[in-house]
Amino acid sequence: MKRPSTPHIRWGVALLAGLALVGTWTASAAEEAPAPAGREGAAHRAAPLWRADPARGLASFEGTETKPGSVQVVDDPAGRYGKSFQLHTSGKKIDDATRVRVESRGHRTADGSRLRFAKEGDIYYIGWRSMWGPLPTKKGDWVVLWQLKDYGSGAATPPLSLRARGDGTVDLEYSDPDLKTTQLWHTGLTLNTWHDFVVGIKISDDPAKGWVKLWHDGTAQRLTGGTEQYQAATLRGDWVTDKWGVYRSDGVTGQATAYLNSPAVGRTYGDVAP
C-alpha cells in the first residue's frame, strides 16, 4: 500500500538542512573574522615558540649579565601574577670601563635549543609584563629596560630599546643602520605598577622591508608618523635577540630593580599577550 505524501515532514527536513548550512556559514565566518582593533591575533591564540618558565629558574634564558647584580625567581611583590623574575643591581660599578647592567639575554626553549631572530622576512611577537622600582633616573641620561640587541659580525647598537629618561617618561627608540636614532613612542614612567608590552617585528636588514609594532597595556600604539606599523631595519649583525632588565648610562647611580613576568615569543599577538 502506497504511503500518503507528508509535505510537512519534507518541509521540516528542508528547514533543518537550511539551518545546518546557516550554522556552517556562521562558524566559517567567525573563524575568518578579523580580531578587534588593537587586539591583533587575540582570537587565534596558539602555544608560543618560547615562554620563560619560572619553575626552570634561569634555564629559560640563554644567559644573564650581572655587572653587578642578581637575577632570581620571586613572588610578585604586588601579589597579582605569581612567580616572577627579579633583576636587581646595587648600582655600584665593578670598574670604570663597565656600565652597570643586570639583564637576561636571549631564549632557550624547553629542549635547550636557542631561539634567535636571524631569518630575513620572519615575523615575531614578543610579549611581557614589567614593573620597575626603585629605578633612579637623571635628566640627560638613560636607563634601558628592554633591548632588541644585535650580535655577531657587524653588530653595532641595538635596533630597538625601551628607555627610561630623566624627564619622567619611557620611550621606544629605533636605531637605523646608520645609527641614527628615532623616538617611535613615549609615555609617562610609573613605578611599582605592572605594565604589559607586546612588540611585533618583521626581521630584515632593509628599512623598507622590516617593521615594528607596539602594544602597551593591551592597546595598539601609534608610532612616529601616525601609523601603528613603522618601517624599520630590525636585523643587524648575524642575529638579534631580547634582553630584559636594567642597563644604564654612567650618570645614573643607586639601586635599581626590574620585575619581569610572562615573557614570551610567538608568531601572533595573541600567542604572547600577557
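Everything discussed here concerns the structure shown above.
Here the residue numbering is sequential within each chain, running from 1 through the sequence in written order. Two thresholds apply to this predicted model, a pLDDT of at least 70 for residue-level local features and 80 or more for giving and counting side-chain atom pairs, whereas whole-chain, interface and lining totals are computed over all residues. With hydrogens and water set aside, each side-chain value is computed from the structure's full complement of heavy atoms.

Peer 1: Any chance you could explain the overall build of the protein chain here in plain terms?
Peer 2: For helices the rule is a DSSP run of H or I covering at least 4 residues; for strands it is a run of E covering at least 2, with both sets numbered from the N terminus onward. Counting its regular elements, the protein chain contains two helices and 18 strands. Partly exposed residues are those whose accessible area sits between 20% and 50% of the maximum for their type, while under 20% is buried and over 50% is exposed, using a 1.4 Å probe and protein chains only. The burial tally for the protein chain puts 46% of its 274 residues in the buried class. Contact criterion: two residues are considered in contact whenever any of their non-hydrogen atoms come within 4.5 Å of each other. Taking all contacts inside the protein chain whose residues are at least 6 apart in sequence as the whole, residues at least 24 apart take part in 68%. Areas reported here follow the Shrake-Rupley algorithm with a probe of radius 1.4 Å; residue values treat only the protein chains shown as occluding. Of the accessible surface of the protein chain, which amounts to about 13400 Å², a share of 53% is contributed by carbon and sulfur atoms.

Peer 1: In this structure, what is going on with the environment of Leu58? I would like to understand it.
Peer 2: With respect to the helices and strands, Leu58 occurs in the loop between strand 1 (50–51) and strand 2 (63–67). A relative accessible area of 32% means that Leu58 is categorised as partly exposed. When the C-alpha positions of Leu58 and Gln72 are compared, they lie 7.4 Å apart, and in sequence the two are 14 residues distant.

Peer 1: How should I be thinking about the environment of Asp122 in this particular structure?
Peer 2: On the secondary structure map, Asp122 appears in the loop between strand 7 (114–115) and strand 8 (123–132). For Asp122, the residues in contact, after removing those within four places along its chain, are Ile201, Lys202, Ile203 and Arg267. Side-chain polar atoms of Asp122 contact the side chain of Tyr124, separated by 3.2 Å. Here a polar contact means two N or O atoms within 3.5 Å. Within protein one must be a hydrogen donor candidate and the other an acceptor candidate, and residues neighboring in sequence count only if both atoms are side-chain atoms.

Peer 1: I would appreciate a short explanation of the sheet that holds strand 9 (residues 142–151) in the present structure.
Peer 2: By way of backbone hydrogen bonds, the strands of a sheet pair with one another, either parallel or antiparallel. The criterion for strand pairing is that DSSP finds at least two bridges linking the strands in question. Judged by pairing direction, the sheet is antiparallel, and its seven strands sit side by side in the order 2-5-17-9-10-11-12 without closing on themselves. The open sheet terminates on both sides in strands that have one partner only, identified here as strand 2 and strand 12 (181–188). Within the sheet, the average angular offset between the axes of one strand and its neighbour, ignoring direction, is 20 degrees. Strand direction decides the pairing type here: strand 2 and strand 5 (residues 101–105), joined by five bridges, are antiparallel. Residue pairing for strand 5: Glu65 is matched across the bridge by Glu103. All axes here are fitted lines through C-alpha atoms, helices being fitted over the stretch that makes contact, and every angle between N-to-C directions spans 0 to 180 degrees.

Peer 1: What is the right way to read unusual backbone geometry from this model?
Peer 2: What you tend to see is this: most non-glycine residues have negative phi, and most peptide bonds are trans. The linkage connecting Lys67 with the following residue, Pro68, adopts the cis geometry, with an omega of -10 degrees. Relative to the elements of secondary structure, Pro68 occurs in the loop between strand 2 and strand 3 (70–75). Cis geometry is adopted by the peptide bond preceding Pro134, which originates at Gly133 and carries an omega value of 0 degrees. Within the secondary structure layout, Pro134 lies in the loop between strand 8 and strand 9. If you check the backbone angles, Asn192 has positive phi at about 60 degrees while not being a glycine. As for its placement among the helices and strands, Asn192 is situated in the loop between strand 12 and strand 13 (195–202). Residues other than glycine seldom take positive phi values, yet Ser262 does so here, at roughly 60 degrees.

Peer 1: I keep staring at empty space enclosed by the protein and nothing clicks. Help me out?
Peer 2: Empty space among the atoms becomes apparent when a probe as large as a water molecule is rolled across them. With a 1 Å grid spanning the protein atoms alone, the term cavity applies to any set of points in which a 1.4 Å probe fits but cannot get out, the term pocket to an open set with protein on both sides within 12 Å along at least five of seven lines, and the term lining residue to any residue with an atom within 4 Å of a point. Grid points are joined across faces, edges and corners, and a volume is the space filled by probe spheres set on the points. A complete count under the given rule lists one cavity of 30 Å³ or more for this structure. Space inside the largest cavity adds up to approximately 40 Å³. In terms of lining residues, the largest cavity is bounded by Leu87, Ser130, Trp132, Leu145, Trp244, Gly245, Ala258, Tyr259 and Leu260. Those elements that place two or more of their residues in the lining of the largest cavity are strand 8, strand 17 (239–248) and strand 18 (256–266). Broken down by element, the lining of the largest cavity gets its largest block of residues, three residues, from strand 18. Gly counts as polar in this scheme, as do all residues outside two lists: the nonpolar Ala, Val, Leu, Ile, Met, Phe, Trp, Tyr, Cys and Pro, and the charged Asp, Glu, Lys and Arg. Here the lining of the largest cavity is built from residues that sort into seven nonpolar, two polar and no charged.

Peer 1: Would you mind showing me how to read the nonpolar core here?
Peer 2: Among soluble globular proteins, nonpolar side chains are generally buried collectively. In this description, a nonpolar core means a group of buried Ala, Val, Leu, Ile, Met, Phe, Trp, Tyr and Cys residues linked to one another through side-chain atoms lying within 4.5 Å. Ranked by size, the top nonpolar core spans 46 residues in total, and within it Phe117, Trp128, Leu135, Trp146, Leu160, Leu162 and Ile201 carry the most contacts. Once residues within four sequence positions are removed from consideration, Leu135 is found in contact with Val143, Leu145, Ala164, Leu189, Leu191, Val246 and Ala256. Core analysis: the second largest hydrophobic core is formed by nine residues, Tyr125, Trp211, Trp215 and Ala273 among them.

Remember, this is a structural readout, not a statement about activity or role.
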